Amino acid sequence: MRPQDCRRHWHRSDHEYKSRAAGKRSPTDGAQTAIVSWLWGCHRPSVLQAFVLGYSLRKHKTKADLILCVERATLESPTFRWAHLLRTFWHVVPVEHLPTPARLHATVQARLEGVYSKLQTWQLFSHGERSLRLVLMMDLDMLARRNIDDLFQTRAPAAVMRGPTDSCLHAPRPRASFFR
(Lines give C-alpha, C1' and ligand atoms only; values in the text may rest on other atoms or scores of the structure.)
Protein backbone atom coordinates (compact mmCIF):
# COMPACT_ATOMS: atom_id res chain seq x y z
CA MET A 1 0.00 0.00 0.00
CA ARG A 2 1.28 3.44 -0.88
CA PRO A 3 1.63 6.19 1.79
CA GLN A 4 -1.06 8.32 0.14
CA ASP A 5 -3.51 5.39 0.53
CA CYS A 6 -2.76 5.32 4.26
CA ARG A 7 -3.43 9.04 4.57
CA ARG A 8 -6.78 8.59 2.84
CA HIS A 9 -7.57 5.81 5.33
CA TRP A 10 -6.98 8.10 8.31
CA HIS A 11 -9.15 10.87 6.86
CA ARG A 12 -12.26 8.77 6.31
CA SER A 13 -15.40 10.15 7.81
CA ASP A 14 -17.35 8.31 10.49
CA HIS A 15 -20.03 7.72 7.86
CA GLU A 16 -17.56 5.78 5.67
CA TYR A 17 -16.61 3.58 8.61
CA LYS A 18 -20.21 2.92 9.57
CA SER A 19 -21.26 2.06 6.01
CA ARG A 20 -18.25 -0.24 5.58
CA ALA A 21 -19.31 -2.23 8.64
CA ALA A 22 -23.02 -2.16 7.81
CA GLY A 23 -24.64 -5.54 8.14
CA LYS A 24 -21.80 -7.00 10.18
CA ARG A 25 -22.62 -8.16 13.67
CA SER A 26 -20.31 -6.67 16.25
CA PRO A 27 -18.29 -9.33 18.04
CA THR A 28 -18.40 -7.17 21.17
CA ASP A 29 -22.15 -7.53 21.54
CA GLY A 30 -21.76 -10.11 24.23
CA ALA A 31 -18.65 -11.24 25.90
CA GLN A 32 -15.07 -12.37 25.80
CA THR A 33 -13.52 -9.36 24.08
CA ALA A 34 -11.13 -6.92 25.66
CA ILE A 35 -8.86 -4.02 24.89
CA VAL A 36 -5.65 -4.56 26.85
CA SER A 37 -2.90 -2.10 27.65
CA TRP A 38 0.19 -2.25 29.85
CA LEU A 39 1.61 0.04 32.52
CA TRP A 40 4.82 -0.54 34.39
CA GLY A 41 6.49 1.88 36.73
CA CYS A 42 5.11 5.02 38.37
CA HIS A 43 6.03 7.36 35.52
CA ARG A 44 3.40 10.13 35.69
CA PRO A 45 3.14 10.72 31.92
CA SER A 46 2.39 7.01 31.42
CA VAL A 47 -0.30 7.10 34.11
CA LEU A 48 -1.81 10.17 32.43
CA GLN A 49 -1.78 8.31 29.11
CA ALA A 50 -3.66 5.43 30.76
CA PHE A 51 -6.36 7.87 31.88
CA VAL A 52 -6.61 9.47 28.42
CA LEU A 53 -6.79 6.16 26.55
CA GLY A 54 -9.34 4.72 28.99
CA TYR A 55 -11.45 7.86 28.84
CA SER A 56 -11.39 8.00 25.04
CA LEU A 57 -12.44 4.34 24.73
CA ARG A 58 -15.29 4.79 27.23
CA LYS A 59 -16.35 8.08 25.62
CA HIS A 60 -16.80 6.29 22.29
CA LYS A 61 -18.77 3.52 24.02
CA THR A 62 -16.65 0.47 23.36
CA LYS A 63 -18.45 -2.69 24.40
CA ALA A 64 -15.19 -4.52 25.04
CA ASP A 65 -13.77 -4.86 28.54
CA LEU A 66 -10.86 -2.52 29.22
CA ILE A 67 -7.99 -4.27 30.97
CA LEU A 68 -4.89 -2.51 32.21
CA CYS A 69 -2.06 -4.87 33.08
CA VAL A 70 0.07 -3.27 35.80
CA GLU A 71 3.26 -4.78 37.13
CA ARG A 72 2.61 -6.14 40.63
CA ALA A 73 5.62 -4.25 42.04
CA THR A 74 4.16 -0.99 40.68
CA LEU A 75 0.80 -1.62 42.35
CA GLU A 76 2.52 -2.37 45.67
CA SER A 77 4.80 0.68 45.49
CA PRO A 78 4.02 3.36 48.11
CA THR A 79 4.58 6.04 45.44
CA PHE A 80 1.87 4.61 43.16
CA ARG A 81 -1.38 6.23 44.32
CA TRP A 82 -3.45 6.06 41.13
CA ALA A 83 -4.72 2.47 41.08
CA HIS A 84 -8.13 3.34 42.54
CA LEU A 85 -8.55 6.17 40.01
CA LEU A 86 -7.45 4.00 37.08
CA ARG A 87 -10.26 1.60 38.01
CA THR A 88 -12.67 4.33 36.85
CA PHE A 89 -11.90 3.25 33.28
CA TRP A 90 -9.97 -0.02 33.52
CA HIS A 91 -10.07 -3.43 35.14
CA VAL A 92 -6.62 -3.32 36.73
CA VAL A 93 -4.87 -6.70 36.59
CA PRO A 94 -1.60 -7.23 38.48
CA VAL A 95 1.01 -9.05 36.36
CA GLU A 96 4.58 -10.20 36.75
CA HIS A 97 7.24 -8.40 34.75
CA LEU A 98 8.84 -10.44 31.96
CA PRO A 99 12.48 -9.31 31.80
CA THR A 100 14.34 -8.56 28.59
CA PRO A 101 16.54 -11.51 27.57
CA ALA A 102 20.05 -11.20 29.05
CA ARG A 103 21.71 -11.36 25.63
CA LEU A 104 19.99 -8.05 24.73
CA HIS A 105 21.10 -6.06 27.81
CA ALA A 106 24.30 -4.70 26.26
CA THR A 107 22.71 -3.98 22.86
CA VAL A 108 20.55 -1.23 21.45
CA GLN A 109 17.58 -3.54 22.15
CA ALA A 110 17.99 -2.86 25.91
CA ARG A 111 15.61 0.06 25.31
CA LEU A 112 12.85 -2.55 25.06
CA GLU A 113 12.92 -3.19 28.82
CA GLY A 114 9.32 -3.75 29.80
CA VAL A 115 8.11 -4.31 26.26
CA TYR A 116 8.69 -8.05 26.56
CA SER A 117 6.00 -8.14 29.24
CA LYS A 118 3.44 -7.35 26.53
CA LEU A 119 4.20 -10.71 24.93
CA GLN A 120 2.29 -12.30 27.80
CA THR A 121 -0.99 -10.69 26.69
CA TRP A 122 -2.29 -13.61 24.70
CA GLN A 123 -1.10 -16.19 27.23
CA LEU A 124 -2.70 -14.33 30.16
CA PHE A 125 -6.10 -14.22 28.51
CA SER A 126 -6.15 -17.47 26.54
CA HIS A 127 -7.43 -19.83 29.24
CA GLY A 128 -8.80 -20.03 32.77
CA GLU A 129 -11.11 -17.57 34.46
CA ARG A 130 -9.75 -14.70 32.34
CA SER A 131 -10.32 -16.50 29.04
CA LEU A 132 -11.17 -14.11 26.21
CA ARG A 133 -12.19 -14.83 22.64
CA LEU A 134 -10.61 -11.71 21.13
CA VAL A 135 -7.96 -9.35 22.52
CA LEU A 136 -6.89 -6.03 21.07
CA MET A 137 -3.66 -4.74 22.57
CA MET A 138 -3.09 -0.98 22.48
CA ASP A 139 -0.14 1.05 23.66
CA LEU A 140 -0.95 3.73 26.23
CA ASP A 141 0.17 6.52 23.93
CA MET A 142 -2.85 5.97 21.69
CA LEU A 143 -6.17 7.80 21.57
CA ALA A 144 -9.51 6.55 20.25
CA ARG A 145 -11.18 9.17 18.06
CA ARG A 146 -14.22 6.97 17.40
CA ASN A 147 -15.61 3.61 18.46
CA ILE A 148 -13.06 0.99 17.44
CA ASP A 149 -15.09 -2.15 18.13
CA ASP A 150 -15.03 -2.99 14.42
CA LEU A 151 -11.34 -3.88 14.82
CA PHE A 152 -12.53 -7.08 16.50
CA GLN A 153 -13.80 -8.16 13.08
CA THR A 154 -10.25 -8.15 11.69
CA ARG A 155 -8.79 -11.58 11.07
CA ALA A 156 -6.03 -12.31 13.61
CA PRO A 157 -3.17 -11.82 13.89
CA ALA A 158 -3.22 -8.24 12.67
CA ALA A 159 -1.05 -5.22 13.36
CA VAL A 160 -0.02 -1.84 12.06
CA MET A 161 3.69 -1.20 11.71
CA ARG A 162 5.39 2.07 12.46
CA GLY A 163 8.62 3.72 11.45
CA PRO A 164 10.15 3.40 7.97
CA THR A 165 7.71 0.55 7.24
CA ASP A 166 4.48 2.36 8.15
CA SER A 167 1.42 0.52 6.95
CA CYS A 168 -2.33 0.49 7.26
CA LEU A 169 -4.47 -2.25 8.69
CA HIS A 170 -5.08 -4.94 6.05
CA ALA A 171 -2.02 -3.88 4.01
CA PRO A 172 0.47 -6.71 3.51
CA ARG A 173 3.84 -6.06 5.06
CA PRO A 174 6.61 -5.72 2.45
CA ARG A 175 8.83 -8.83 2.55
CA ALA A 176 11.96 -6.68 2.49
CA SER A 177 11.01 -5.12 5.85
CA PHE A 178 11.04 -8.35 7.88
CA PHE A 179 14.70 -8.58 8.89
CA ARG A 180 16.13 -5.07 8.85
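Everything here concerns the structure above.
Reference entry: report on the structure contained in this document. (Residues numbered from 1 in each chain as written. Predicted model: local features only at pLDDT ≥ 70, side-chain atom pairs only at ≥ 80, totals over all residues. Heavy atoms only, no water.)

A word on the overall build of the chain
Move 1: If you tally the helices and strands in the chain, you get six helices and four strands.
Move 2: N-terminal to C-terminal, the α/β element order of the chain is α-α-β-α-β-α-α-β-α-β.
Move 3: Each of the 180 residues in the chain was classed as buried or not, and the buried ones make up 36%.
Move 4: Nonlocal contacts in the chain, meaning residues at least 24 apart in sequence, comprise 69% of its contacts between residues at least 6 apart.
Move 5: Accessible area for the chain stands at about 12100 Å²; split by element, carbon and sulfur atoms hold 55% of it. (Helix = DSSP H or I, 4+ residues; strand = E, 2+ residues; numbered from the N terminus. Buried < 20%, exposed > 50% of the residue type's maximum accessible area, 1.4 Å probe, protein only. Contact = heavy atoms within 4.5 Å. Areas by Shrake-Rupley, 256 points an atom, 1.4 Å probe, with all protein chains shown as cover.)

Examining unusual backbone geometry
Move 1: The phi dihedral of K61 falls on the positive side, at around 60°, and the residue is not glycine.
Move 2: Turning to its location among the elements, K61 is positioned in the loop between helix 3 (44-59) and strand 2 (65-71).
Move 3: Residue class for K61 comes out exposed when judged on its relative accessible area of 64%.

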